[in-house]
Amino acid sequence: DPQQLELATSGKRKLRRFIVVDEVVDELYGSKVREYFEENNVQHKILALPTTEETKSMDLVLNILQEVQNFSIDRRTEPIIAIGGGVCLDIVGLAASLYRRRTPYIRVPTTLLSYVDASVGAKNGVNFLQCKNKLGGYTPPVASFLDRSFIQSIPRRHISNGLGEILKMALMKHKGLFDLLKSHGKYLLDTKFQSNNGFADHGDAALQTTRIAIETMLEELAPNLWEDDLDRLVDFGHLISPELEMRVLPSLMHGEAVNIDMAFMTYVAHVRGLITTEEKEQIIQCMRGLELPVWHSGCNWSLIKKALMERLKHSGGQPRMPLPTGLGVAEIFNDTSEETLERAYKLWVRD
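Summarised in this report is the structure supplied together with it. Quantities reported herein were computed from a predicted structural model and do not represent experimental measurements.

1. Remarks on the overall build of the protein chain
Counting its secondary structure elements, the protein chain contains 13 helices and 9 strands. Taking 20 Å as the expected radius of gyration for a compact globule of 351 residues, we find that the protein chain reaches 21 Å, a close match to that expectation. C-alpha atoms of the protein chain, sized along the principal axes, occupy 70 × 50 × 35 Å. Summed over all atoms, the accessible surface of the protein chain reaches about 16,200 Å², with 51% contributed by carbon and sulfur.

This is how it looks when you write it as structure tokens:
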């Protein structure tokens, strides 16, 4: 609205912003964020919160909304800003979508996982009744601001965690991305995805890897933003992992649980004859190179069966199982027998 834009930029009315930041991010960057708003003469309220899988609940959403109400924002011209990892972005997205039916919000991801995954797409949500993201909606942000310098302060395990979601896109859609991860995985872990450190032989592997991961994710999500079509390659690694992740909280991070799921499904693809022994080994070796777990004792046969039964309930009675049919290519299958799954499970455990 030109009139609102004029009002916002004319100086007649002071700019105002409500910001939710993860409390760990606030310790590291809070002073810079405050300085930024002060220098730009923006009246602001910064709410620092513990945003973890264990606190990802409607209670936290309601806490945020109480503070939003106290601050009093204009829902047309004053977007809520979320600065943090995927959990923070999910919670704030849901809070914004509920406030006055829909208040715009901006995502600022600060972990590698949220940079390549939660930053794109429309989904937001919270956990409910021990189920991951059981409550939520589809409200895309008005913008996502991507700044890789945030990633330099996160622990190595968190980098590896994000690489799990990047590998998902590589295995499903992009052989070139798989090759990048195979060749530069250790370098990316060592340099924490920062670009300018003078290793010419690696080119700008960090920029290439994140760009391809986000572009392939957008290719998949954009035509199906509201998940009207339940056949989704981006569900690879997400059939068993939600059950596993919630069962063993907080011992596995999201990308780690996803990778364990992908490792098992790689064996399923191999047993079905979709990939060769050599391709299976390449995938598992790449996972190990990215320092991702390829097995977990909590992912037993009964959990796998329970998770796949849950999958049937929520995907129209079909498993809709994405499986690699080579390196960087995949299809969705509805005809994997229990015998095949059990054979794959036994091989996986043996290895």
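2. Some points on the sheet that holds strand S7 (residues 143–144)
Backbone hydrogen bonds are what pair the strands of a sheet, in a parallel or an antiparallel way. Strand order in this open sheet of 5 strands is S2-S1-S3-S4-S7, and the pairing throughout is parallel. The strands lining the two open edges of the sheet, one partner per strand, are strand S2 (43–49) and S7. Inspection of the sheet shows strand S4 (residues 105–109) paired to S7 by 2 bridges, in the parallel sense. Paired with Ile106 across the bridge in S7 is Ala143. In this fold helix H4 (residues 86–98) packs onto strand S1 (16–22), strand S3 (80–84) and S4, with an angle of close to 165° to the strand it touches most, S3.

3. Here we look at the packing of aromatic side chains
Under the defined criterion, the tally for this structure stands at 7 aromatic pairs. Taken together, a centroid distance of 5.9 Å and an interplanar angle of 55° make the contact between Phe18 and Phe71 tilted. Here Phe18 is found in strand S1, whereas its partner Phe71 is found in helix H3 (residues 58–71), with 53 residues between them in sequence. Phe71 sits in the buried class, given a relative accessible area of 13%.

4. With respect to the environment of Leu292
Along the polypeptide, Leu292 turns up in the loop between helix H11 (277–289) and helix H12 (301–314). Spatially, the C-alpha atoms of Leu292 and Arg107 are 26 Å apart, while their sequence positions differ by 185 residues. Apart from the residues within four sequence positions on either side, Leu292 is in contact with Ser160, Asn161, Leu163, Gly164, Gly255, Glu256, Asn259 and Met287.

5. As for the pairing of S1
Of all 7 residues in S1, 7 are buried; the element is thus mostly enclosed. Residues Arg16, Phe18, Val20 and Asp22 of S1 are buried on one face, and the alternating residues Arg17, Ile19 and Val21, pointing to the opposite face, are buried as well. Relative to S2, S1 runs parallel, the two sharing 7 bridges. Bridge assignment links Ile19 to a residue of S2, and that residue is Ile46.

Calculation notes
- Residues numbered from 1 in each chain as written.
- Predicted model: local features only at pLDDT ≥ 70, side-chain atom pairs only at ≥ 80, totals over all residues.
- Heavy atoms only, no water.
- Helix = DSSP H or I, 4+ residues; strand = E, 2+ residues; numbered from the N terminus.
- Rg over C-alpha atoms; globule rule 2.2 N^0.38 Å.
- Areas by Shrake-Rupley, 256 points an atom, 1.4 Å probe, with all protein chains shown as cover.
- Pairing = 2+ DSSP bridges.
- Contact = heavy atoms within 4.5 Å.
- Axes fitted to C-alpha atoms, helices over the stretch in contact; angles between N-to-C directions.
- Phe/Tyr/Trp six-rings, centres within 6.5 Å; stacked < 30°, edge-to-face > 60°.
- Buried < 20%, exposed > 50% of the residue type's maximum accessible area, 1.4 Å probe, protein only.

Functional significance is not addressed by these values, which are geometric in nature.
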